[in-house]
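The chain contents come next:
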Amino acid sequence: MHDRIADVWGPRTPYSPPAGDGRDGWPVRQDEYLSAGVAPADVERWVQTASVLHSNGDAYDFAVRGGAIVGVRGRPDDRVNRGRLGPKDLFGWQAISSPDRLTRPLIRVDGRLVESDWNSAMKAIVDRATSLLAETGGWGRIGFYSSGQLSLEDYYTLGVIGKAGIGTPHMDGNTRLCTATAAAALKVSFGTDGQPGSYADIDHCDAIALWGHNVAETQTVLWARMLDRRAGTDPPRLLAVDPRPTPVAREADVHLAPRNGTNLALMNALIREVIHRGWFDEQYVTTHTIGFDDLRRVVDSYTFDRVARICDVDVRDLGAAAELLGTADRLVSTVLQGFYQSNQATASATAVNSLHLLRGMIGRPGAGVLQMNGQPTAQNNREAGADGDLPGFRNWENIEHVRELARLWNVDEDTIPHWAPPTHAMQIFRYAEQGSIKLLWIIATNPAVSMPDIARIRAILGNEELFVVVQDIFMTETAELADVVLPAATWGERTGTFTNADRTVHLSDKAVEPPGEARADLDIFLDFADRMGFRDRDGAALIPWRDPESAFEAWKQCSRGRPCDYSAMTYEMLRQGSGIQWPCTAEHPAGTERLYGDGLFNTDPTFCETYGFDIASGAPRSPTEYRAIDPGHRAFLYGVEYEPGPETIDDDHPLLLTTGRTVYQFHTRTKTGRTPQLDAAAPDAWIEISVPDARNHGIGEGDVVRITSKRGSIETCARITDIRAGVVFVPFHYGPWKSICDTSTDTSHRAANDLTMSVWDPVSKQPLFKVAAVHIEKVAPTDGSPSAAPTVGGPRPLDEAVIQPTIGGATALASSTSDAGRI
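Residues numbered from 1 in each chain as written. Predicted model: local features only at pLDDT ≥ 70, side-chain atom pairs only at ≥ 80, totals over all residues. Heavy atoms only, no water.

### Some points on the domain arrangement of the protein chain
Domain boundaries assigned for the protein chain yield domain 1 (2–98 + 816–822), domain 2 (106–179 + 377–581), domain 3 (194–372) and domain 4 (655–790). Listed by partner, the interface residues are 16 residues for domain 1 and 13 residues for domain 4. Between domain 1 and domain 4, the buried area comes to about 1100 Å², and carbon and sulfur atoms account for 68% of it. Among the residues domain 1 hides against domain 4, the three largest losses belong to Ile5, Leu53 and Lys88. Together they make up 42% of the total. Linking domain 1 with domain 4 are zero salt bridges, by the criterion used here. The interface formed by domain 1 and domain 4 holds four residue pairs in polar contact (both at pLDDT 80 or more) in total. When residues in the side of domain 1 that touches domain 4 are grouped by element, the largest group, three residues, is from helix H1 (residues 87–91). (Domains from an automatic or database assignment. Contact = heavy atoms within 4.5 Å. Buried area = accessible area lost by both parts, 1.4 Å probe. Salt bridge = Lys/Arg side-chain N within 4 Å of Asp/Glu carboxyl O. Polar contact = N/O pair within 3.5 Å; in protein donor to acceptor, adjacent residues only side chain to side chain. Helix = DSSP H or I, 4+ residues; strand = E, 2+ residues; numbered from the N terminus.)

Below, the structure written as structure tokens:
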């Protein structure tokens, strides 16, 4: 039995680049885990699904026996994972049968949530919505805040309800917190959302650059693929940009650990060196891009000496990184929260795109960009328009795009919000705080823990003037504040499609019935639409579909001819063993591995998803200005000056806080916190502190530390590591409750987002979770118990008082003899 808590990525299966464009390079390794006492012969049926506890899109099957899920196995034929599963895939499904699932609707009566029935709960919501819509401008009184964990069919249905039923622009999801910058960077560089690259590029590349992306903990199977390539012949070189000593950083050939908030200065220096050394493809740049002269002018002053001072990195390391990037024949870049949630987020992520455009590293095997997602269906939310954008990557400023939707839905074009930009999540909560939004429907997310400055968010949700609906599978911190709570089904209890970060679509079939009276999200939305009486111009039901497959067929028509074209895809095709990448059309029925191989980008004014912005200020470019540029299917290069972050250190707050993930938990632990192996591996929050900062503050390993920002304080145990000096790290998963199933111990705060600030990027509107200034002080010495911080594979001593956390999970589990975390 192999311990997959201690060995997160499993055994190596080395391989070398395949010849040509072959897809058979990465060997199969099928991972499987069954409940204690269940043998493979006991399984009655296997039902296909895909990951919901990360964004990689690992395909696997549920094992079903006696009407219950009893295990999982990887799907060896799938293009994404070739049978491999990460710890959250192997064990996270156990939360589905947790005894504290929500099973009946709840309604607040006299200040308390009490059990009710579906008719009463839906009537309360419909009565409030109807009364608000009766007011002048009533559409502006209703907002939706959804997730990155629903299905495509759910999002599309919700998008039609919001845009064509109610007509509200106030729709967004928690995807705003994790990958809004991915979408923004793709739009402003290439014209529309949609990843140019493919996971298969790992098989072909000779260099990998990971920009603020701790892939080892966020997408464990993708990291296993990278490790397997590096274990084979002709391994790719690896660059990691991260202030923390992550597993990725320790594996890298070159590791840059810049100061928080200085990513853009770093990118400008690297791009300058590529240009000055002649490492760019002049013909490609001339033929396929716009903006080179401006980019060259801006970056020219970002010498290595200057940027070494700004970022506090070694000049020699800058040179090594630039050489790796500039001399690679086939470069793959991935980007995630270290860029997306930091200062000048869109400008920094866009600079990665610009680097690839300069080198002509787009659209061919081994050469591509993956602006990664943080959630399993964040891509679907963006595609289907539940985040406020128009479905199918349409442009809300392009009246012809609005009319396309009006014809498709058979509604008046003025019903569809297009008179102003869609309202982003931070603004939705501000409107709720100000009293403009009076009904807020929150679906499959927990903003009372995950939003920045959560003391403010909790106060907003607790305002008696705001009618809060929460649709979820557990009683979360947010559900506790709701007026109506709707019990939802989760994956394995409903059917729908999930699209991952490299555009691979998977079908997750229903395996078991949901508990009690819990309902599928799609059924809840359809019930609401029916009760509201939403109709098209001919008096027919606005939403004619009644089940997931018919919703998928309706979506296919909406996507036809757009970049995310699903028109040739079917449920039957998705049940043939592997996911399929969009665009999937009659011309490309097997899907499309890479975008922009012909050098033609989605920037034509009649097709693009945005007319662009001033990347530094966020000021929008007008349609007239955009047409005057005459992009001609060329991509955009941007030169943007570095500016310091919105909050800098001072005498009272001398350290910078960065927040992030641990491999064993996901978001606010609503599922992983109810999974024994995962929660035991990382049961509580911690703070990572550098050796010099710990010494300066008299802090030892395991001491209780108070961390204070201008917004609040938390207390948690210290973990002393070789994180860069001046930076501390706290995982964001943990709310104020000591036990996820016991709220009686709410005596202290450990939620990282009590410290973060309500400031966002000017283009993507993504909050800046990674640049808060803080003060630390020792509250109490260690009590001798094991630190909550994760260590896998055993601790690596740096000196007598320093233990290096290699990855999420308690030290004791690394040598456990129990089978609880083994496969």
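### Quick word on the packing of aromatic side chains
Applying the stated criterion across every chain yields a total of 25 aromatic pairs. Relative to Phe429, the ring of Tyr145 lies with its centre 5.3 Å away and its plane at 85°, an arrangement referred to as edge-to-face. Of this pair, Tyr145 sits in strand E7 (residues 142–146) while Phe429 is found in helix H19 (residues 425–434), placing the two residues 284 residues apart along the sequence. Residues Tyr145 and Phe429 agree in their burial class; the two are buried. Centre to centre, the rings of Tyr156 and Trp545 are 5.4 Å apart; their planes meet at 20°, and the pair counts as stacked. Separated by 389 residues along the polypeptide, Tyr156 in helix H3 (residues 152–166) and Trp545 in the loop between helix H22 (521–532) and helix H23 (548–559) bring together distant segments of the chain. Connected via pairs of aromatic rings, a cluster forms that spans Tyr156, Trp545, Phe552, Trp555, Tyr566 and Tyr571. The lysine or arginine in question, Arg306, covers the ring of Tyr302, its NZ or CZ lying 4.2 Å from the ring centre. The ring of Trp582 carries the charged tip of Arg503 above its face, separated from the ring centre by 5.7 Å. (Phe/Tyr/Trp six-rings, centres within 6.5 Å; stacked < 30°, edge-to-face > 60°. Buried < 20%, exposed > 50% of the residue type's maximum accessible area, 1.4 Å probe, protein only. Lys NZ or Arg CZ within 6 Å of the ring centre and 35° of its normal.)

### A look at H22
Along its twelve residues, H22 runs 17 Å from first to last C-alpha, staying within 8% of the 16 Å computed at 1.5 Å per residue. Here H22 lies mainly inside the structure; nine of its twelve residues are buried. Residues of H22 that are buried sit in contact with helix H2 (118–133), H3, strand E15 (439–443), strand E16 (467–472), strand E17 (484–487) and H23. (Expected span 1.5 Å × (residues − 1).)

### Let's talk about the state of the cysteines
Enumeration over the complete set of coordinates arrives at zero disulfides. Unpaired in this structure, Cys584 has its nearest cysteine sulfur neighbour in Cys564, at a distance of 12 Å. Look at Cys584 and you get buried, because its relative accessible area is 0%. (Disulfide = S-S within 2.5 Å.)

### A look at the sheet that holds E7
Taken in spatial order, the seven strands of this open sheet run E6-E5-E17-E16-E15-E7-E8, and their pairing is mixed. At either margin of the open sheet sits one strand with a lone partner, and together these are strand E6 (112–115) and strand E8 (171–173). Across this sheet, the average inter-strand angle for adjacent strands is 20°, counted without regard to direction. Judged from the three bridges that link them, E7 and E8 form a sheet pairing that is parallel. Bridge pairing in E8 links Phe144 to Met171. (Pairing = 2+ DSSP bridges. Axes fitted to C-alpha atoms, helices over the stretch in contact; angles between N-to-C directions.)

### Quick notes on the sheet that holds strand E3 (residues 59–65)
Taken in spatial order, the four strands make up an open sheet running E1-E4-E3-E2, and their pairing is antiparallel. Edge positions in the sheet fall to strand E1 (32–34) and strand E2 (45–50), since each of these pairs with one other strand and no more. Strand-to-strand twist of the sheet, defined as the mean angle between neighbouring strand axes without regard to direction, takes the value 30°. Sheet topology places E1 next to strand E4 (residues 68–74); three bridges connect them, and they run antiparallel. Each bridged residue has a counterpart across the sheet, and for Glu32 the counterpart in E4 is Arg73.

### Side note on the side chain of Arg382
Within the fold, Arg382 resides in helix H17 (residues 378–384). The exposure class assigned to Arg382 is buried, which follows from its relative accessible area of 3%. Only 2.6 Å separates the side chain of Arg382 from the side chain of Asp193, close enough to count as a polar contact. With near-sequence residues (within four places) excluded, Arg382 lies in contact with Thr179, Ala182, Ala183, Leu186, Asp193, Gln195, Asn373, Asp387 and Phe393.

### Focus: the nonpolar core
Counting residues in each nonpolar core, the largest one holds 130 residues, and the members touching the most others are Phe62, Trp211, Trp223, Leu239, Leu325 and Leu358. A total of nine residues in this core trace back to one element, the largest contributor, which is helix H10 (residues 263–276). Those residues in contact with Leu358, other than ones at most four positions away along the chain, are Ile271, Ile275, Phe280, Asp281, Val285, Phe292, Leu295 and Leu637. The next biggest cluster of nonpolar side chains, apart from the first, holds 64 residues, and it includes Ile107, Ile443, Phe467 and Phe525. (Core = buried A, V, L, I, M, F, W, Y, C linked by side-chain atoms within 4.5 Å.)

### Description of the pattern of salt bridges
Per the stated rule, a full pass over the model turns up 50 salt bridges. Here Arg297 ties to Asp294 by a salt bridge, and the two come within 2.4 Å at their closest N and O atoms. One end of the pair is Arg297 and the other is Asp294, both in helix H12 (residues 292–299) and three residues apart, which spans about a single turn. For Asp294, a relative accessible area of 33% corresponds to the partly exposed category.

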